[in-house]
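Take a look at the letters that make up each chain.
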Amino acid sequence: GESVGLHLPTLSVQEGDNSIINCAYSNSASDYFIWYKQESGKGPQFIIDIRSNMDKRQGQRVTVLLNKTVKHLSLQIAASQPGDSAVYFCAEWEGTYKYIFGTGTRLKVLA
Amino acid sequence: GAGVSQSPRYKVAKRGQDVALRCDPISGHVSLFWYQQALGQGPEFLTYFQNEAQLDKSGLPSDRFFAERPEGSVSTLKIQRTQQEDSAVYLCASSLDYSGGGGYTFGSGTRLTVV
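The following refers to the structure shown.

Reading the values: the criteria
Residues numbered from 1 in each chain as written. Chains lettered and ligands numbered in written order. Predicted model: local features only at pLDDT ≥ 70, side-chain atom pairs only at ≥ 80, totals over all residues. Heavy atoms only, no water. Helix = DSSP H or I, 4+ residues; strand = E, 2+ residues; numbered from the N terminus. Rg over C-alpha atoms; globule rule 2.2 N^0.38 Å. Buried < 20%, exposed > 50% of the residue type's maximum accessible area, 1.4 Å probe, protein only. Contact = heavy atoms within 4.5 Å. Areas by Shrake-Rupley, 256 points an atom, 1.4 Å probe, with all protein chains shown as cover. Lys, Arg positive; Asp, Glu negative; His and termini not counted. Charge placed at Lys NZ, Arg CZ, Asp CG, Glu CD. Pairing = 2+ DSSP bridges. Axes fitted to C-alpha atoms, helices over the stretch in contact; angles between N-to-C directions. Buried area = accessible area lost by both parts, 1.4 Å probe. Salt bridge = Lys/Arg side-chain N within 4 Å of Asp/Glu carboxyl O. Polar contact = N/O pair within 3.5 Å; in protein donor to acceptor, adjacent residues only side chain to side chain. Nonpolar A, V, L, I, M, F, W, Y, C, P; charged D, E, K, R; others polar.

Re the overall build of chain B
Then step 1. Looking only at helices and strands, one finds zero helices and eleven strands in chain B.
Then step 2. Its helices and strands in sequence order give chain B the pattern β-β-β-β-β-β-β-β-β-β-β, from N to C terminus.
Then step 3. Taken over C-alpha atoms, the radius of gyration comes to 13 Å for chain B, in line with the 13 Å a tight globule of 115 residues would show.
Then step 4. For chain B, the spread of C-alpha atoms along the principal axes amounts to about 40 × 25 × 25 Å.
Then step 5. Residues counted as buried form 47% of the 115 residues belonging to chain B.
Then step 6. Relative to all contacts within chain B whose residues are 6 or more apart in sequence, the contacts with residues 24 or more apart total 52%.
Then step 7. About 5,500 Å² of surface is accessible on chain B, with carbon and sulfur atoms providing 46% of the total.
Then step 8. For chain B, the distance from the average site of its 11 positive side-chain charges to the average site of its 11 negative ones is 9 Å.

Below you can see the structure in the form of C-alpha coordinates.
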(Lines give C-alpha, C1' and ligand atoms only; values in the text may rest on other atoms or scores of the structure.)
Protein backbone atom coordinates (compact mmCIF):
# COMPACT_ATOMS: atom_id res chain seq x y z
CA GLY A 1 0.00 0.00 0.00
CA GLU A 2 0.92 3.70 -0.06
CA SER A 3 1.88 6.00 2.77
CA VAL A 4 2.31 9.75 2.50
CA GLY A 5 3.78 12.13 4.97
CA LEU A 6 7.18 13.38 5.92
CA HIS A 7 8.72 10.41 4.17
CA LEU A 8 8.62 9.47 0.52
CA PRO A 9 5.37 7.87 -0.60
CA THR A 10 6.02 4.14 -0.68
CA LEU A 11 4.47 1.48 -2.86
CA SER A 12 4.99 -2.14 -1.85
CA VAL A 13 4.16 -4.92 -4.30
CA GLN A 14 4.80 -8.62 -4.52
CA GLU A 15 7.29 -9.95 -7.04
CA GLY A 16 5.52 -10.62 -10.32
CA ASP A 17 2.81 -8.04 -9.74
CA ASN A 18 2.42 -4.92 -11.82
CA SER A 19 3.44 -1.60 -10.25
CA ILE A 20 1.83 1.73 -11.00
CA ILE A 21 3.57 4.91 -9.88
CA ASN A 22 1.85 8.25 -10.26
CA CYS A 23 3.06 11.79 -10.64
CA ALA A 24 1.37 15.17 -10.96
CA TYR A 25 3.20 17.88 -12.83
CA SER A 26 2.78 21.60 -12.52
CA ASN A 27 3.12 23.29 -15.89
CA SER A 28 0.40 22.69 -18.46
CA ALA A 29 2.79 23.96 -21.15
CA SER A 30 5.40 21.26 -20.44
CA ASP A 31 5.90 19.18 -23.55
CA TYR A 32 8.42 16.54 -22.54
CA PHE A 33 8.67 14.25 -19.53
CA ILE A 34 11.07 11.63 -18.25
CA TRP A 35 10.84 8.94 -15.61
CA TYR A 36 14.02 8.33 -13.64
CA LYS A 37 14.97 5.45 -11.36
CA GLN A 38 17.28 6.10 -8.44
CA GLU A 39 18.83 3.22 -6.55
CA SER A 40 20.38 3.72 -3.16
CA GLY A 41 23.70 5.54 -3.37
CA LYS A 42 23.38 6.23 -7.08
CA GLY A 43 22.27 9.08 -9.27
CA PRO A 44 18.96 9.05 -11.15
CA GLN A 45 18.94 6.85 -14.22
CA PHE A 46 16.78 7.45 -17.32
CA ILE A 47 13.99 4.88 -17.78
CA ILE A 48 11.58 6.19 -20.38
CA ASP A 49 10.39 9.47 -21.84
CA ILE A 50 7.25 10.81 -23.47
CA ARG A 51 6.36 13.90 -25.45
CA SER A 52 3.14 15.79 -24.96
CA ASN A 53 1.83 14.78 -28.38
CA MET A 54 1.59 11.20 -27.11
CA ASP A 55 -0.70 9.58 -24.54
CA LYS A 56 1.25 6.40 -24.07
CA ARG A 57 4.71 5.04 -24.69
CA GLN A 58 6.00 1.55 -24.07
CA GLY A 59 9.43 0.24 -23.33
CA GLN A 60 10.71 -3.04 -22.06
CA ARG A 61 8.38 -3.93 -19.14
CA VAL A 62 7.60 -0.24 -18.63
CA THR A 63 4.80 1.95 -19.93
CA VAL A 64 4.31 5.65 -19.37
CA LEU A 65 0.86 7.22 -19.62
CA LEU A 66 0.29 10.94 -19.96
CA ASN A 67 -2.99 12.68 -19.19
CA LYS A 68 -2.56 16.31 -20.13
CA THR A 69 -6.08 17.24 -19.07
CA VAL A 70 -5.31 16.63 -15.41
CA LYS A 71 -1.51 17.06 -15.69
CA HIS A 72 -0.81 13.53 -14.61
CA LEU A 73 1.82 10.95 -15.50
CA SER A 74 2.00 7.33 -14.54
CA LEU A 75 4.68 4.70 -14.82
CA GLN A 76 3.61 1.10 -15.09
CA ILE A 77 6.12 -1.67 -14.47
CA ALA A 78 5.02 -5.11 -15.56
CA ALA A 79 5.99 -8.24 -13.64
CA SER A 80 7.90 -6.31 -10.98
CA GLN A 81 11.20 -7.78 -9.84
CA PRO A 82 13.27 -7.15 -6.68
CA GLY A 83 15.75 -5.26 -8.90
CA ASP A 84 13.01 -2.74 -9.62
CA SER A 85 13.09 -1.63 -5.98
CA ALA A 86 14.21 2.00 -6.02
CA VAL A 87 12.90 5.55 -5.86
CA TYR A 88 11.18 6.72 -9.02
CA PHE A 89 10.95 10.37 -10.08
CA CYS A 90 9.08 12.05 -12.85
CA ALA A 91 10.77 15.09 -14.38
CA GLU A 92 9.22 17.72 -16.62
CA TRP A 93 11.19 19.66 -19.17
CA GLU A 94 11.12 23.29 -18.14
CA GLY A 95 11.39 24.46 -21.73
CA THR A 96 14.88 25.92 -21.96
CA TYR A 97 17.58 23.68 -20.52
CA LYS A 98 16.52 22.13 -17.21
CA TYR A 99 14.20 19.56 -15.72
CA ILE A 100 11.95 19.99 -12.71
CA PHE A 101 11.76 16.85 -10.59
CA GLY A 102 8.83 15.57 -8.58
CA THR A 103 9.22 14.40 -4.99
CA GLY A 104 9.49 10.72 -5.87
CA THR A 105 7.92 7.40 -4.91
CA ARG A 106 9.75 4.54 -3.26
CA LEU A 107 8.93 1.16 -4.80
CA LYS A 108 9.55 -1.97 -2.77
CA VAL A 109 9.21 -5.27 -4.57
CA LEU A 110 8.87 -8.09 -2.08
CA ALA A 111 10.27 -11.48 -3.04
CA GLY B 1 35.22 8.64 -19.17
CA ALA B 2 32.23 6.40 -19.60
CA GLY B 3 30.06 8.23 -17.10
CA VAL B 4 29.83 11.29 -14.89
CA SER B 5 32.30 11.02 -12.05
CA GLN B 6 31.95 12.89 -8.77
CA SER B 7 34.36 13.17 -5.90
CA PRO B 8 34.47 12.75 -3.05
CA ARG B 9 31.60 10.29 -2.63
CA TYR B 10 31.19 11.28 1.00
CA LYS B 11 32.25 14.41 2.83
CA VAL B 12 31.82 15.23 6.49
CA ALA B 13 32.43 18.87 7.29
CA LYS B 14 32.36 20.74 10.55
CA ARG B 15 30.00 23.68 10.59
CA GLY B 16 31.80 26.72 9.25
CA GLN B 17 34.24 24.74 7.13
CA ASP B 18 34.58 25.33 3.38
CA VAL B 19 34.11 22.38 1.02
CA ALA B 20 34.74 21.77 -2.68
CA LEU B 21 32.90 19.13 -4.66
CA ARG B 22 34.22 17.99 -8.02
CA CYS B 23 32.41 16.80 -11.13
CA ASP B 24 33.98 15.19 -14.20
CA PRO B 25 31.29 15.13 -16.90
CA ILE B 26 31.21 12.86 -19.92
CA SER B 27 33.83 14.02 -22.38
CA GLY B 28 32.40 16.36 -24.98
CA HIS B 29 29.20 17.11 -23.10
CA VAL B 30 28.31 20.74 -23.51
CA SER B 31 25.80 21.10 -20.69
CA LEU B 32 26.55 20.56 -17.02
CA PHE B 33 24.13 20.82 -14.14
CA TRP B 34 24.34 20.75 -10.36
CA TYR B 35 21.36 19.58 -8.35
CA GLN B 36 20.87 19.35 -4.58
CA GLN B 37 18.92 16.41 -3.19
CA ALA B 38 17.81 16.57 0.43
CA LEU B 39 16.90 13.34 2.20
CA GLY B 40 13.58 12.01 0.93
CA GLN B 41 13.23 14.70 -1.73
CA GLY B 42 13.64 15.01 -5.45
CA PRO B 43 16.66 16.75 -6.94
CA GLU B 44 16.47 20.56 -6.89
CA PHE B 45 18.22 22.59 -9.56
CA LEU B 46 21.19 24.66 -8.44
CA THR B 47 23.05 25.88 -11.50
CA TYR B 48 23.70 25.29 -15.20
CA PHE B 49 26.77 25.64 -17.40
CA GLN B 50 26.94 25.62 -21.17
CA ASN B 51 30.60 24.95 -21.84
CA GLU B 52 32.43 27.36 -19.51
CA ALA B 53 29.59 29.86 -19.27
CA GLN B 54 27.38 29.75 -16.19
CA LEU B 55 24.02 30.61 -17.73
CA ASP B 56 21.81 30.07 -14.71
CA LYS B 57 22.65 30.15 -11.02
CA SER B 58 19.15 30.91 -9.83
CA GLY B 59 18.96 27.78 -7.69
CA LEU B 60 22.00 28.46 -5.55
CA PRO B 61 20.60 28.84 -2.00
CA SER B 62 22.88 31.65 -0.89
CA ASP B 63 26.03 33.53 -1.74
CA ARG B 64 27.94 30.88 0.18
CA PHE B 65 27.50 28.62 -2.83
CA PHE B 66 29.74 29.10 -5.84
CA ALA B 67 30.26 26.96 -8.94
CA GLU B 68 32.76 27.15 -11.75
CA ARG B 69 33.71 25.30 -14.93
CA PRO B 70 36.69 27.27 -16.16
CA GLU B 71 37.68 25.16 -19.17
CA GLY B 72 34.27 23.83 -20.08
CA SER B 73 34.89 20.34 -18.73
CA VAL B 74 35.48 19.69 -15.01
CA SER B 75 33.27 21.65 -12.63
CA THR B 76 33.63 22.46 -8.95
CA LEU B 77 30.85 23.38 -6.54
CA LYS B 78 32.18 25.25 -3.55
CA ILE B 79 30.29 25.87 -0.35
CA GLN B 80 31.74 28.35 2.09
CA ARG B 81 31.08 28.39 5.84
CA THR B 82 28.94 25.26 5.68
CA GLN B 83 25.76 25.10 7.73
CA GLN B 84 23.76 22.08 8.86
CA GLU B 85 21.05 22.84 6.31
CA ASP B 86 23.63 22.29 3.57
CA SER B 87 23.63 18.56 4.38
CA ALA B 88 22.38 16.82 1.25
CA VAL B 89 23.49 14.82 -1.76
CA TYR B 90 24.92 17.03 -4.48
CA LEU B 91 24.35 15.58 -7.93
CA CYS B 92 26.14 16.57 -11.08
CA ALA B 93 24.71 15.78 -14.50
CA SER B 94 25.79 16.39 -18.05
CA SER B 95 24.25 16.22 -21.49
CA LEU B 96 25.62 16.34 -24.99
CA ASP B 97 23.75 19.49 -25.90
CA TYR B 98 21.10 21.77 -24.46
CA SER B 99 18.05 20.39 -26.18
CA GLY B 100 17.12 18.26 -23.19
CA GLY B 101 16.11 15.27 -25.28
CA GLY B 102 16.94 12.00 -23.58
CA GLY B 103 17.57 13.69 -20.28
CA TYR B 104 20.85 13.97 -18.48
CA THR B 105 23.45 11.48 -17.33
CA PHE B 106 23.86 11.82 -13.59
CA GLY B 107 26.82 11.05 -11.42
CA SER B 108 26.41 9.10 -8.20
CA GLY B 109 26.60 12.28 -6.16
CA THR B 110 28.54 13.56 -3.19
CA ARG B 111 26.84 13.09 0.16
CA LEU B 112 27.71 16.08 2.33
CA THR B 113 27.09 15.88 6.05
CA VAL B 114 27.67 19.02 8.11
CA VAL B 115 28.16 18.35 11.81
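Here the narrative resumes, following the displayed structure.
Details of the pairing of strand β6 (residues 62–67) of chain A
Residues and elements named next belong to chain A.
Then step 1. With three bridges connecting them, strand β5 (residues 56–58) and β6 associate as antiparallel partners. Residue pairing across strands places Arg57 opposite Val64, the latter belonging to β6.
Then step 2. Connecting the antiparallel pair β5 and β6 is a turn made up of three residues, with Arg61 showing a positive phi of about 65°.
Then step 3. Bridge analysis of β6 against strand β7 (residues 72–77) gives six bridges, and the strand direction is antiparallel. Bridge pairing in β7 places Leu66 opposite Leu73.

Side note on the sheet that holds strand β8 (residues 75–79) of chain B
Residues and elements named next belong to chain B.
Then step 1. Reading across from one edge, β1-β3-β8-β7 is the order of the four strands in this open sheet, with antiparallel pairing throughout. Of all strands in the sheet, those with a lone pairing partner are β1 (5–7) and β7 (65–68), marking the two edges. Between one strand axis and the next, the sheet turns by 15° as a mean value, whatever way the strands run.
Then step 2. Two elements, strand β3 (residues 19–24) and β8, share five bridges in a ladder whose sense is antiparallel. The residue of β8 that forms the bridge with Arg22 is Thr76.

Concerning the interface of chain A and chain B
Then step 1. Between chain A and chain B, the residue contacts involve 21 residues of the former and 24 residues of the latter.
Then step 2. Across the chain A/chain B interface, buried area totals approximately 1,600 Å², and carbon plus sulfur atoms make up 54% of it.
Then step 3. Remark: the boundary between chain A and chain B carries one salt bridge.
Then step 4. Here A:Lys98 makes a salt bridge to B:Asp56, at a shortest N to O gap of 3.5 Å.
Then step 5. Our enumeration of links across chain A and chain B arrives at eight residue pairs in polar contact (both at pLDDT 80 or more).
Then step 6. Residue assignment for the side of chain A that touches chain B shows that the elements contributing at least two residues are β3 (32–38), β4 (45–51), β8 (86–93) and β9 (99–101) of chain A.
Then step 7. When residues in the side of chain A that touches chain B are grouped by element, the largest group, four residues, is from β3(A).
Then step 8. Here the residues of the side of chain A that touches chain B are counted per class, giving eleven nonpolar, six polar and four charged.

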